[in-house]
Amino acid sequence: MSEIPAKATESEDPSGGARTEAAGAFAGAADAFAADAERGPGDGEAAPGDAMWQSSPPGSIYDYIRVASFSIGPDGLVDQWSLRAEQIFGIPAERAVGRDPIEAFVDPDLRERGQRKMAEILDGREWTGVVPFRMPEGPDGDRGQDGLAEVYVMPTRTQDGEKAAVCIVVDVRTLRSIETDLAASQAIFGQSPFGFLLIDSDLKVRRANERFASLFGGTSDDHRGKGVQDYLPRPEAERVTAVLRRVLQTGDSITDMHVTGYLPESDERRHWSINLYRVHSGSGSPIGIAWLGTDITARRAAAREAAAARRNLALLNEAGARIGNSLDLETTARELLDVVVPGFCDLATVDLYQGLLVGDETPPGLADGSAELRRVAFSSAVSDAPFASTVAPVAVGAVHHFPFNSPCADALRTARPQHIPGEEGGLVQSTLAVPMVAHDTVVGLAQFSRTKGSEPFGERDRDLAVELAARAAVCIDNARLYRREHERALILQRSLLPPGDPVASGLDIACRYLPGSASTGRPSEVGGDWFDVIELPGHRTALVVGDVMGRGLRAAVAMGELRTAVRTLALLDLEPAEVLSALDEIARGLGTPGGVQQATRAARRPREADLSEVYLATCVYAVYDSVTRRCTFANAGHLPPVLVEPGEAALMLDVPPGMPLGVGGEPFEEVEVELPEGALLALYTDGLVESRDHPLDEGLQAFVGALTDPSRPLEDVCDHVLNTLDTHHGEDDIALLMARVQGLPTDSVGDWTLPREPRSVGRAREYARGQLLSWDLEPLVDTTELLVSELVTNALRYGEGEIRLRLLLDRTLVCEVWDSGLVQPRRRRARDTDEGGRGLQLVGLLSAAWGSRRTPRGKTVWFELPLPDGETGLTDPAEALLSLF
């Protein structure tokens, strides 16, 4: 004990004011108790004369202040020990009763002074003071704890009149803890920047701090007795009330519950984050709920801004990934709408200038925005409702225009977005009309609409719409440019292919050409595939199929050059291997400015190859003779021809492939095959049998398997092949040339061998006359006799070896004169004084065509006459002879 006061009535206070605090606490407790006792059952006010004893409600001050009492008998020993004393000192009554309190609780050094005070107390004096004490040792010998108590001793007398005392003890340390708690509570209610409420068990405000009062008006006391319905809208108040009841019943705390409401005299919606937890009394009984609120309106706004920015960025990323994957205008427009609906708007359309869609270079009517547009895409997340209730909807694919004074026309005219409010009673709340601008050119208009009930468009939305429309416009403009170049290349390529259905002697021809298409969504350009059917002298036919490696306009131009070269070489009547050798030289010269000769010189000196200027092509060249039904093949790296004989399975001909054209350095081989009557021959390019999803071997087997019935009409066979094989992938061009063998009948051929003597001229005329009369071609007898005599005479005079005369009847009449001489006849213009030199001029005048070609054993000179059809008049030989002089 630090000090025991010497005077019982005016003792010093060694606790430094704790005595005064205790007295105040007692007074406050008494007042609270009295107030609770006098409080009426209705409105809480005391009714005069109605005071009554009643128990303190939960939360009484005695639940917090540790107050105990015990009594001391005349012998100075404890004779009564309360339950509160047991709680403070931790000693049960059976251990405390009968013990000397000085010996039990006072430090040994202070016991002597304590005994003197006890004697004074038992002598009838009151005493008040602060006493340090030590709890007795426990049953297990543990040292008791030290404590500090304020003691009030009141003298009493027993029934026998002996002097005793009653002691009231207050735990001073508990009072100091209460003081600290009160200071903290005062800081919360007076200094906290957060709104704080204490809500009682009736869900009424018991106390509000200054921050809450500053927001909702009035003083803190003005908010007592109010409920959440006084601060929040009804639906929100009902939700919060249900949560408060649950917290009060279960004790589960609520963290970061978002509440929305309005401040007094303000229409601005506010957002708060509320934390709730149940409050208990000192005895542990629930007495209410603590409400801690934080205004998060600015944070919510910032979060919305951040979310909108993230959404817009995600939308732009999605647009970059999904828009422009196709080089098709309509598909690109639909890709834009797939991105914006419903992520950005509820309804959207895209209109493009009609001029752009049909291939015009410059869209018409850009000055006033009223040019014709075509609606290429429409998308809706709600329904197929139109944009405005008073305007008829425009169907996808329809051509229309906007009125001059309309906002849409103004957007097209100024290249600036326009905000269009929705009509009264309509579905649409507002519309953004955004021009689609690519490379400073307006290509169309995109409209984005939001329905009523959606968030209205803001400045950020406008900027996003402009960016999305601009991205789509660039992709659409690229698709337009690609379509234009593709169509030009396709026109060029088609112009270089044989027009109409090719006709050949002794062959039934059918062909198909399918250009690469972008309809599958993959970038596709025109390729260098081509085919040709060339009529040769002697009712022979050259069949050609080739493929220039590469794509685009460059490949199409190279294909045109090679096709022209093939036709030129074919007219020279060269052998197939010679044709391909000459083509190889030409292909090597295509990438060289100086042509073939420059390419030959460049090949002699080492240099790095410029792959961008290398032209490579594959080609198969076949010459079919309708008289012998024999076909000679030469191949330059192309796929093998397929032959289907009647009653047999299709097979690929074993033609040595050789090197592609443009490689050079390797000769080409020829293969001669006899084709039976009715056989089917197929030439094709790799686009028919190869793709990314179909290997070449698999495609070849499928192609061979599709040629099962060669007797069907050739057009049906072509369609069957294209339908059976997966040719709609659109990755490469497809060229297919099919020919059915129909050899020249034996009775349509006249063939004679003439000795090398002058009489052979007359015999040749006789043979020709007799053959023509048997063919009922009497109108051609005189002309044929004259021309045959000229050719046979030339063979006798300038040729060598035996002379062979052959007449061929098909769509025209062909006469051939064969000899062993190697010197080719040369047509010249005879002077007026010359006696000879007019024979070949006469042949040129009277025949439809004439020429000469080399053969393995000499040469052949031929002429061709059209068959009489009653409409085409024949040249009179006499007039032709006179015209030469």
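Now for a quick tour of the structure. (Residues numbered from 1 in each chain as written. Predicted model: local features only at pLDDT ≥ 70, side-chain atom pairs only at ≥ 80, totals over all residues. Heavy atoms only, no water.)

### Comments concerning the overall build of the chain
Summing up its helical and strand segments, the chain has 22 helices and 31 strands in all. Taking contacts inside the chain between residues at least 6 apart in sequence as the whole, the part at least 24 apart equals 61%. Here the chain has roughly 44400 Å² of accessible surface; of this, 51% comes from carbon and sulfur atoms. (Helix = DSSP H or I, 4+ residues; strand = E, 2+ residues; numbered from the N terminus. Contact = heavy atoms within 4.5 Å. Areas by Shrake-Rupley, 256 points an atom, 1.4 Å probe, with all protein chains shown as cover.)

### Some points on helix 9 (residues 297-322)
Residues lying three or four places apart along an α-helix face the same way, a consequence of the helix completing one turn every 3.6 residues. In this model, helix 9 (26 residues) spans 36 Å end to end at C-alpha, consistent with the 38 Å of a helix rising 1.5 Å per residue. Buried residues of helix 9: Thr297, Ala308, Asn312, Leu315, Leu316 and Ala319, and no others. (Expected span 1.5 Å × (residues − 1). Buried < 20%, exposed > 50% of the residue type's maximum accessible area, 1.4 Å probe, protein only.)

### A closer look at the packing of aromatic side chains
The way to describe two aromatic rings as a pair is by their centre distance and the angle between their planes. This structure, assessed with the given rule, holds 12 aromatic pairs. Ring geometry for Phe89 versus Phe105: centroids 5.0 Å apart, planes at 45°, classification tilted. Here the residue Phe89 occupies a position in helix 2 (residues 83-89), and Phe105 occupies one in helix 4 (residues 101-105), the gap between them amounting to 16 residues. Both residues of the pair, Phe89 and Phe105, belong to the buried class. Note on Phe344 and Phe448: the rings are 5.7 Å apart at their centroids and 85° apart in plane angle, and the pair reads as edge-to-face. In this pair, Phe344 sits in the loop between helix 10 (329-340) and strand 11 (347-353) while Phe448 sits in strand 16 (residues 441-451), placing the two residues 104 residues apart along the sequence. (Phe/Tyr/Trp six-rings, centres within 6.5 Å; stacked < 30°, edge-to-face > 60°.)

### Section: the sheet that holds strand 2 (residues 78-81)
The five strands are arranged 2-1-5-4-3 in an open sheet whose pairing can be described as antiparallel. Looking at which strands have only one partner, the edges of the open sheet turn out to be strand 2 and strand 3 (127-134). With direction set aside, neighbouring strand axes in the sheet form an average angle of 30°. Note: strand 4 (residues 146-157) against strand 5 (residues 163-171), nine bridges, orientation antiparallel. Pairing of Val151 across the sheet is with Val169, part of strand 5. Of the strands in this sheet, strand 1 (67-72), strand 3, strand 4 and strand 5 are in contact with helix 5 (residues 111-122), which crosses strand 5 at around 120°. (Pairing = 2+ DSSP bridges. Axes fitted to C-alpha atoms, helices over the stretch in contact; angles between N-to-C directions.)

### Overview of the pattern of salt bridges
Throughout the structure, instances matching the rule amount to 38 salt bridges. In this structure, Arg630 engages Glu672 in a salt bridge whose closest nitrogen and oxygen atoms are separated by 3.1 Å. Of the two residues, Arg630 is situated in strand 21 (residues 630-636) and Glu672 in strand 24 (residues 670-674); the sequence distance between them amounts to 42 residues. Judged by relative accessible area, Glu672 falls into the partly exposed class, the value being 48%. Beyond isolated ion pairs, a larger network of salt bridges with shared partners links Arg540, Asp573, Arg806, Glu816 and Arg853. (Salt bridge = Lys/Arg side-chain N within 4 Å of Asp/Glu carboxyl O.)

### Some thoughts on helix 19 (residues 759-774)
Look at helix 19: 23 Å from first C-alpha to last across 16 residues, which is about the 22 Å you get at 1.5 Å a residue. Every buried residue of helix 19 is accounted for by Ser760, Val761, Ala764, Ala768, Gln771 and Leu772. The buried residues of helix 19 occupy one face: seen down the axis, they fall within an arc of 105°. Exposed residues on helix 19 whose side chains face more than 90 degrees from its buried face are Arg759 and Glu766. Turning to helix 19, the residues buried within the fold contact strand 27 (749-754), helix 20 (781-798), strand 28 (803-809) and strand 29 (812-819). Downstream of helix 19 by a residue or two, Asp776 has a phi angle that is positive, lying close to 60°. (Arc of directions from axis to C-beta.)

### Concerning the packing of helix 20 against helix 21 (residues 839-846)
At a minimum axis separation of 10 Å, helix 20 and helix 21 run at an interaxial angle of 150°. Where helix 20 crosses over helix 21, the two elements pack in a sense that is left-handed. From helix 20, Thr783, Leu786, Leu787, Glu790, Leu791 and Asn794 reach across to helix 21, where they touch Gly839, Leu840, Leu842, Val843 and Leu846. Split into classes, the residues belonging to the contact of helix 20 with helix 21 amount to seven nonpolar, three polar and one charged. (Left-handed = near helix turned anticlockwise from the far one by under 90°. Nonpolar A, V, L, I, M, F, W, Y, C, P; charged D, E, K, R; others polar.)

### Quick word on the packing of helix 9 against helix 10
Here helix 9 crosses helix 10 at 155°, and the two axes come no closer than 10 Å. Judged by the angle between their axes, helix 9 and helix 10 are roughly antiparallel. Where helix 9 crosses over helix 10, the handedness of that crossing is right-handed. Counted together, Leu315, Glu318, Ala319 and Arg322 of helix 9 and Glu335, Asp338 and Val339 of helix 10 form the full contact between these two elements. Across the contact of helix 9 with helix 10, the residue classes break down as three nonpolar, no polar and four charged. (Parallel < 35°, antiparallel > 145°, perpendicular 65-115°, else oblique.)

### Quick look at the sheet that holds strand 13 (residues 399-400)
Pairing within the open sheet is antiparallel, and its six strands lie in the order 13-12-11-16-15-14. Single-partner strands in this sheet number two, and they are strand 13 and strand 14 (418-421). Bridge count between strand 11 and strand 16: six bridges; the pairing is antiparallel. Each bridged residue has a counterpart across the sheet, and for Val350 the counterpart in strand 16 is Ala446.

### Some remarks on the nonpolar core
Trp530, Leu543, Leu583, Tyr621 and Leu737 are the most contacted members of the largest nonpolar core, which has 57 residues in total. In terms of residues, this core owes the most to one element, helix 14 (residues 553-571), which gives eight residues. Those residues in contact with Leu583 that lie beyond four places of it in its chain are Leu562, Ala565, Val566, Leu569 and Leu661. Membership of the second largest hydrophobic core comes to 49 residues, among which are Ile323, Ala371, Leu373 and Ala446. (Core = buried A, V, L, I, M, F, W, Y, C linked by side-chain atoms within 4.5 Å.)

### Topic: the side chain of His539
As for its position among the elements, His539 is in the loop between strand 18 (527-536) and strand 19 (540-551). Residue classification places His539 among the buried residues on the basis of a relative accessible area of 7%. At a separation of 3.4 Å, a polar atom in the side chain of His539 contacts the side chain of Ser505. Not counting the four nearest positions on each side in its chain, His539 is found in contact with Ser505, Tyr624, Ser626, Leu744, Leu808, Leu809, Asp810, Arg811, Thr812 and Val814. (Polar contact = N/O pair within 3.5 Å; in protein donor to acceptor, adjacent residues only side chain to side chain.)

### Structural notes on unusual backbone geometry
The step from Val341 to Pro342 runs through a cis peptide bond, and the omega angle for that step is 0°. Mapped onto the elements of the fold, Pro342 is located in the loop between helix 10 and strand 11. One non-glycine residue, His539, lies in the positive phi region at around 50°. Positive phi, normally seen in glycine, also occurs at Asp776, with a value near 60°.

### Some remarks on the side chain of Arg806
Among the secondary structure elements, Arg806 is positioned in strand 28. By relative accessible area, Arg806 is classed as buried at 5%. One polar contact links Arg806 to Glu816, side chain to side chain, over a distance of 2.8 Å. Among residues more than four places away in sequence, those in contact with Arg806 are Val627, Val749, Gly750, Asp751, Val814, Cys815, Glu816, Trp818 and Arg853.

### Digging into the pairing of strand 5
As paired strands, strand 1 and strand 5 are joined by six bridges and run antiparallel to one another. By the bridge assignment for strand 5, Ala68 is matched with Val169. Connecting strand 4 to the next strand, strand 5, in antiparallel fashion are five residues, including Gly161 with a positive phi near 85°.

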